[in-house]
Amino acid sequence: MTKPFLPPINEYLYNLEKIWESNILTNMGPLHVDLERELCSRFGCENVALFTNGHLALEIALKALNLEPGSEIITTPFTFVSTISSIVNQGHIPVFCDIDDDCTIDVDQIEALITPKTAAILPVHVYGFPCDVERIDEIARKHRLKVLYDAAHAFGVRVNGKDISQFGDISMFSFHATKLFHTIEGGALIFADSALKTNIDLYKNFGISGPETIELVGLNAKMNEFQAAMGLTVLPYLDEIIEQRKTIFERYMQNLDNIQGVSIFPCQDKNIDYNYAYVPILITTKRNEVFDVLAANNIHARKYFYPSLTKVECYRQYMRNNSTRKAETITEQVLALPIYPSLTFEQVDRVCRTIQEAI
Ligand SMILES: *Cc1c(COP(=O)(O)O)cnc(C)c1O
């Protein structure tokens, strides 16, 4: 399904030597500072805060938005469980909105779900496909709601030439080994309002602001220097990684176009610079059987995302009366196919041939 990108080991060792020189292993050391600065300049943003993983970044973003305890947060069930568990862990209530054909939140259904307890919208740029950021912005402004994007999949994506991180109040990126850009484990929050930076940095370090001062109730979610060193080593390869993925992605699209019973997503919109993070397809009937045939041929696709969180015991209770039928249909049909820079055209062709034979 994926293979983590490993840069040349000498380049990682070069950055590790800096850790041996500084003797600083964590707690916002020089490499942490460097990586925040590099990301700011690459994405043209004012504020980046790094974390030990994307999930804790999401929880801390929710804390930093300062919502009333027990607020309702409109999100979708078609996501990785982290999106929803962060809401529940922070004492809020997830409200499931259905998705659109492109797997992102169906903006036409958001307003009907707003109640006096609604405080925020937490949409997901699923597979790196951008949500309808402009409509979400309008709705949020009209109803005075905060917008926190789960942009875990969307590193490097641009909409109308603007980096995806520039929409909403805060965007969360995951730097897990399986994501497009990684720091082994890791994550970041990107946000425009510099006033948020102080508290976000406090929350990730126990709320400690000085040797004898504790300002707020925090967590431990700091990115360490070995993670930052990996990020600094991988970052220069990012454009190359995206280029290689694009070639593989296009090979898939050519091959899959002719297979009956398979549909692909129209993510080649002219306003969007896609990052080619995933190759999701829909198999209209017998997805599970196709998955099994692939597995028997040593091809590891992933039912990503399955099951729908509306069917999971500990999250089912948050269902309202609204329909989430599209999300449920897509979880039964979707398969994410293998993609990583070293995947060859021969391998791509074999995956597609196996799908065709299975169908
Ligand atoms: C990976 C992922 C996360 C969590 O990120 P981690 O860095 O693994 O903690 C959250 N949301 C989505 C949609 C993800 O894919």
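In case you missed it, the structure is sitting above this.
Quick notes on the rules
Within every chain, residues take consecutive numbers counted from 1 along the sequence as written. The predicted origin of the model limits local features to residues at a pLDDT of at least 70 and limits the giving and counting of side-chain atom pairs to 80 or more, whereas totals for whole chains, interfaces and linings rest on all residues. Each side-chain value is derived from all of the structure's non-hydrogen atoms; neither hydrogens nor water enter the calculation. By definition, any uninterrupted DSSP run of H or I lasting at least four residues is a helix, any uninterrupted run of E lasting at least two residues is a strand, and each is numbered from the N terminus. When accessible area is computed with a 1.4 Å probe and restricted to protein chains, residues below 20% of their type maximum are described as buried, those above 50% as exposed, and intermediate ones as partly exposed. Between N or O atoms, a polar contact is any pair within 3.5 Å; within protein, one atom must be a potential hydrogen donor and the other a potential acceptor, and residues adjacent in sequence are included only when both atoms are from side chains. Only heavy atoms matter for contacts: two residues are in contact if any of them lie within 4.5 Å across the pair. One requirement defines pairing of two strands: DSSP has to find at least two bridges between them. Comment: axis = line fitted to C-alpha atoms, over the contacting stretch for helices; angle = value between 0 and 180 degrees taken between N-to-C directions. This arc corresponds to the set of directions leading from the helix axis out to the C-beta atoms. When describing relative orientation, an angle under 35 degrees is termed roughly parallel and one over 145 degrees roughly antiparallel, while 65 to 115 degrees is termed roughly perpendicular and anything else oblique. Rotating anticlockwise by less than a right angle from the far helix to the near helix defines a left-handed crossing, while the corresponding clockwise rotation defines a right-handed one. Here the nonpolar group is Ala, Val, Leu, Ile, Met, Phe, Trp, Tyr, Cys and Pro; Asp, Glu, Lys and Arg are the charged ones; every other residue, Gly included, is treated as polar.

Peer 1: Give me the side chain of H153: which residues, what numbers.
Peer 2: Examined against the element boundaries, H153 turns out to sit in the loop between strand 5 (146-150) and strand 6 (158-159). Classification of H153 as buried rests on a relative accessible area of 7%. One polar contact links the side chain of H153 to the main-chain amide nitrogen of Y127, over a distance of 2.8 Å. In contact with H153, not counting residues within four places along its chain, are H125, V126, Y127, G128, K179, N275, A277, Y278, Y304 and F305.

Peer 1: Describe the sheet that holds strand 1 (residues 47-51), listing the residues and the values that go with them.
Peer 2: One open sheet holds the seven strands; their spatial order is 1-9-8-5-4-2-3, and the pairing between them is mixed. The open sheet terminates on both sides in strands that have one partner only, identified here as strand 1 and strand 3 (93-96). Ignoring strand direction, the axes of neighbouring strands in this sheet form an average angle of 25°. The pairing of strand 4 (residues 118-121) with strand 5 spans two bridges and is parallel. Bridge pairing links I121 to V147 in strand 5. On top of the sheet, helix 4 (residues 81-89) reaches strand 2 (72-75), strand 3 and strand 5; it is set at about 140° to strand 3, its chief contact.

Peer 1: For the environment of S165, give the residues involved together with the corresponding values.
Peer 2: Its location among the elements puts S165 in the loop between strand 7 (162-163) and strand 8 (170-174). A C-alpha to C-alpha distance of 8.3 Å links S165 and F155, two positions 10 residues apart in sequence. A distance of 2.6 Å separates a polar atom in the side chain of S165 from a polar atom in the side chain of D163.

Peer 1: Describe helix 5 (residues 133-143), listing the residues and the values that go with them.
Peer 2: V133, I136, I139 and A140 are the residues of helix 5 that are buried. Buried residues of helix 5, viewed axially, fall in a sector of 125°; they line one side. Turned more than 90 degrees off the buried face of helix 5, the exposed positions are E134, R141 and K142. Structurally, helix 5 contributes buried residues whose contacts are with strand 4, strand 5 and strand 6. One or two positions beyond helix 5, positive phi appears at R144, with a value near 55°.

Peer 1: Help me get a handle on the packing of helix 8 (residues 238-256) against helix 12 (residues 345-358), residues and values and all.
Peer 2: Interhelical geometry of helix 8 versus helix 12 gives an angle of 30° and a closest axis separation of 10 Å. For the element pair helix 8 / helix 12, the angle class is roughly parallel. The chirality of how helix 8 crosses helix 12 is right-handed. Mapping the contact onto sequence places T247, I248, R251, Y252, N255 and L256 in helix 8 and F345, V348, D349, V351, C352 and I355 in helix 12. Across the contact of helix 8 with helix 12, the residue classes break down as eight nonpolar, two polar and two charged.

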